Amino acid sequence: MRALLAALTLVLGLLIAPPPAAAATNLAAGKAATASGFTDVYRAANVTDGDQATYWESANGQFPQWVQVDLGAAATLTGLTLKLPAGWPSRTQTLTVQGSADGSGFTTLKPSATYGFAPSATITLSGSARYVRLLFTANTGWPAAQLAEFEVYGESGGPGPDPEPGTNLAVGKGIAASSHTHTYVAGNANDGDVRTYWEGQTYPNTLTVALGGDADLTSVVLKLNPDAVWARRTRTVEVLGRAQGAAGFSRLVAPAAYVFDPATGNSVTIPVTARAADVRLRITANSGAPGGQVAEFQVFGTAVPLPDTADLVADVGWTPGNPDPGDTVTFTVAIRNQGTIASGAGSHGITLAVLDGSGATVRTLTGSASGVIAPGATTAPVTLGTWTAADGRHTVRVVLADDPRELPDKRDNNTSTHPLSIGRGANMPYDTYEAEEAVVGGGATRIGPNRTIGDLAGEASGRRAVTLAATGSYVEFTTKAATNTLVTRFSIPDAPGGGGLDATLNVYVDGAFHKAINLTSRFAWLYGPEASPDNNPGSGPPRHVYDEANLMLDTTVPAGRKIRLQKDAANTSTYTIDFVDFEQVSPIGNPDPAKYAVPAGFGHQDVQNALDRARMDSALTGVYLPPGSYQTTGKFQVYGKAVRIVGAGPWYTRFHAPAGQSNTDVGFRADATANGSTFAGFAYFGNYTSRIDGPGKVFDFTNVANMTIENLWVEHQVCMYWGSNTDDMTIRNSRIRNVFADGLNMTNGSTGNHVTHVETRSTGDDSFALFSATDNNAGEQHGNVYENLTSLLTWRAAGVAVYGGYGNTFRDIYVADTLVYSGVTISSLDFGYPMHGFGANPPTRFENISLVRAGGHFWGAQTFPAMWLFSASKTFQGIRVSNLDIVDPTYSGIMFQTMYDGARPVNPVTDTVFTDVSITGARRSGDAYDAKSGFGIWVNELPEQGQGPAVGSATFRGLRFADNAQNIKNTTSTFTLNIE
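Here, residues in each chain are numbered from 1, in the same order as that chain's written sequence. With pLDDT at 70 or above as the cut-off, local features in this predicted model cover only qualifying residues; side-chain atom pairs require 80 or more to be listed or tallied, and sums for whole chains, interfaces and linings still use all residues. Side-chain metrics rest on all non-hydrogen atoms present in the structure, leaving aside hydrogens and water.

In the annotation of an unreviewed UniProt entry, the entry for the protein chain reads Discoidin domain-containing protein, and the organism field reads Nonomuraea ferruginea.

## What to know about the overall build of the protein chain
Strands are runs of DSSP state E lasting at least 2 residues, helices are runs of H or I lasting at least 4, and numbering of each runs from the N terminus. When helices and strands are counted, the protein chain shows 2 helices and 68 strands. What you see for the protein chain is a C-alpha radius of gyration of 31 Å, in line with the 30 Å of a compact globule of 980 residues. A principal-axis box enclosing the C-alpha atoms of the protein chain has dimensions of 95 × 65 × 60 Å. Only protein chains enter the accessibility calculation, which uses a 1.4 Å probe. A residue is then buried if its area is under 20% of the maximum for its type, exposed if over 50%, and partly exposed in between. Of all 980 residues assigned to the protein chain, the portion counted as buried reaches 57%. At a minimum sequence separation of 6, the contacts of the protein chain that also span at least 24 residues come to 75%. We compute the radius of gyration from the C-alpha atoms alone; for a globule the expected value is 2.2 Å times N to the 0.38, where N is the number of residues. Only heavy atoms matter for contacts: two residues are in contact if any of them lie within 4.5 Å across the pair.

## As for the nonpolar core
Residues belong to one nonpolar core when they are buried, are Ala, Val, Leu, Ile, Met, Phe, Trp, Tyr or Cys, and are joined through side-chain atoms within 4.5 Å. Ranked by internal contacts, the top residues of the largest apolar core, which has 78 residues, are Phe699, Phe701, Ile894 and Phe896. Aside from chain neighbours lying at most four places away, what touches Phe701 is Phe668, Arg669, Ala670, Phe679, Met707, Ile709, Tyr721, Trp722, Gly723, Ser724, Thr726 and Met729. Counting 38 residues, the second-largest nonpolar core is a separate cluster that includes Ala28, Phe38, Ala861 and Tyr929.

## Concerning the sheet that holds strand β21 (residues 382-388)
The strands that make up a sheet are held in pairs by hydrogen bonds between backbone atoms, and each pair lies either parallel or antiparallel. Paired strands are those between which DSSP finds at least two bridges. Pairing within the open sheet is antiparallel, and its 3 strands lie in the order β17-β18-β21. Bordering the open sheet on either side are β17 (312-319) and β21, each of which pairs with just one other strand. Direction aside, neighbouring strands of the sheet carry axes that sit 25 degrees apart on average. Pairing geometry for strand β18 (residues 328-337) and β21, over 6 bridges, is antiparallel. Bridge pairing in β21 places Phe331 opposite Gly385. Axis definition: a line fit to C-alpha positions, over the contact stretch in the case of helices; interaxial angles, taken between N-to-C directions, run 0 to 180 degrees.

## Here's the deal with the packing of aromatic side chains
Aromatic pairing here means that ring centres of Phe, Tyr or Trp (its six-membered ring) are within 6.5 Å. Orientation follows from the plane angle: under 30 degrees is stacked, over 60 is edge-to-face, and everything else is tilted. All chains considered together, the criterion is met by 48 aromatic pairs. Summarising the aromatic geometry, the rings of Trp318 and Phe331 are spaced 6.1 Å apart at their centres and angled 65 degrees between planes, so their arrangement reads as edge-to-face. With Trp318 in strand β17 and Phe331 in strand β18, this residue pair connects regions lying 13 residues apart in the sequence. A single burial state applies to Trp318 and to Phe331, both of which are buried. Aromatic ring contacts, followed pair by pair, group Phe602, Tyr630, Phe636, Phe655, Phe668, Phe679, Phe682, Tyr684, Phe699, Phe701 and Tyr721 into a single cluster. We note Lys480 situated over the ring of Tyr433; from NZ or CZ to the ring centre the distance is 5.0 Å. It is Arg737 that lies over the ring of Trp713; its NZ or CZ is 4.9 Å from the centre. Only Lys NZ and Arg CZ are tested; either one counts as a charge over a ring when it is within 6 Å of the ring centre and within 35 degrees of the ring normal.

Have a look at this one:
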């Protein structure tokens, strides 16, 4: 696996073979490299980037393959050094070295031979060439050609044919066409890959690229695939341009016939002398096809520096972040200047409107921020007012007043819209307040946003937080309702050798010191390989950098009062605060002292004795757990009859694993003789510091039914619930936080279960999972309802994951800030277990779902969307998705992928229908995975090892896009999107 190779690269030392001559210059460094093809993100350009950790990989299973470098001038060659990434296992590759003066006709410089790569190979050469090509025919380590660095040594012999004339200003920029045929969309024409192309329909065809600002143009280069199958053809092309701010296009180059011929590279250069921000091709004839065709549309010249301007945009927030009908929603707006000069002084007006599903305005709020806003600065959030949430889909529209120092073309950014859906997610008994929207002072710093794993902003909710580094720095919240408790999500540094540090942070009420809250980083800070991180800082980069702490206040703080977290001299750490929860609580009494046994103490055996007493005494209904801290050392055994195990509430009845241990397996086991039991009103705080598969589940249930789990609070465990063949269970009104694997997972024929009003935060695998494995029970998995669920900040895997089954429903769900994976995974992958695929009827339904800032990258370089559909080892069918809102995904909105067995797709996507889908804000990521980002819908054409172009079809009805870099990318011939 490529992930294993990458891991070995980190672990082993750097092994670099010396060049043929120590004093020689690598003529290929930074030069243009091309190839016969590539896999995923492993492009030819990696072989000349000077970074041995990046590499080119050809298409798999399709030898021969080639990679070549253009030295920019003819050179007398003395040798090559070819490298693979340091630490990769040794292998041999068979290759021929070829050379060319013009990139067209190649001669052999070194006959075919087999070379050992451990990780480098050195080849002595004689001869001259400008273009040096390696033709690979075998690789004992992988079914493809692979090369990390292609170093060429010798002496430059003067200029050869002209290289590409500078920087291509069009690559990756916004591009649009008047029409396209099949899947040959406009985005193919500036993706840096000559294997993909755009093709138009009825003449005249236009293809327009927006450069993002004026440029002084020197030429336009048009390319087709240089493969010989693209026969010689002639096309009639006109070039037009439009300057920034201009209304229309004007002619830059008159229509002319241009010959494209594989023998000369299938490329045409059109000289242009003009200034333009948008460049358009107008094609009226093509002798090789009934429409215009372009594989790469390149624009060369020099970008004109943009004029200085202020550029004001609104950062909009509301609390609660995911409101229920009837909630009082408070709106805030901070104004950010993303321009190059300061704004004007004076008042900056803000108008916020809430629009219902019909577009009618149901609430208007106004406010302002005052003073000069420096470039790159953001004002403090301005509280505009409140709105009583009503059920349904809404839009929040914010308009900032035009600033006198903004250029007219920047004022469009003053207006923004944001979807807001009411009634999705869990209805929890606390209010959450984001730190970045609160009042800060004393040197406190708002950080973010970004999406970087291991970064304090990148792993925060909303990808923003507040750092308290200086003595006296604080963040202060105004209560919306009475509270006598406080929960904060925080980060403090780890110990230098791992294992965590302890600290305190002071809590103030209305400006007066109240008490300190105890914090520890023991349960945060994992390091190293993404799939198996550990607690050792020496293992590699960090992740999972936050934890939570809770505090019972000494009094009830009424609504409208101030609660402050402040770093004082006694608080010796550096603190980052993500958010706080406030909740008013009171203990729950014994339901019936005559029918409930009460433990004699707070030890593990005291509780087990009370359970045994309730089991054996027919007059007893269950066990009542009074307020207290219960020390538990293992699993409680529940059997013999149905019992009710009831605590005083999760703030009062609390089980704790041993403080001096780690990874203690605590919780409950029950068998079928206890069917009908209830577990309610208590908390479990474990001592897990990393993932251990097997133990660590609070409820580890098999072959049981008709049980209820409610009003639970679980932290620092592996899972809250794992159910194998568990039927008609009810799990509700619970909170799952900071666990190292799934929040809850039902598998092996689990049927008729109901999960509702559960919120997860920071789970280490799927928050809510349904896995139709059959290793314990061969029955089908159906009739389960997961509804009114919230998943936040999942740090590995998805918010909701469904693997097979039929007739299961997932509705009214809110997922936000998944850090590395999809918000929702719909997959027929069996993970090596026997498993049922998806059944056709009744279908699997996903209804009323919001996915916000979801997606990420994992398994090496694979990027994940907000919603991932993966047809894999079992049948993929019967999927119905309706009323789906995807907002600001990290890489893409919806992605389709297919598993392959060699060159054969295993199962296609079939019978899959989407209705009423909105995808907004899928933008280019700007990180290492930028080429795999910005798509509203992506039919993945070449995913990770063992996969291939997505196969099958899907139907969309009522599809809406806004503010995406590219609404749809489907360059495959194997997948059909039916958009109605």
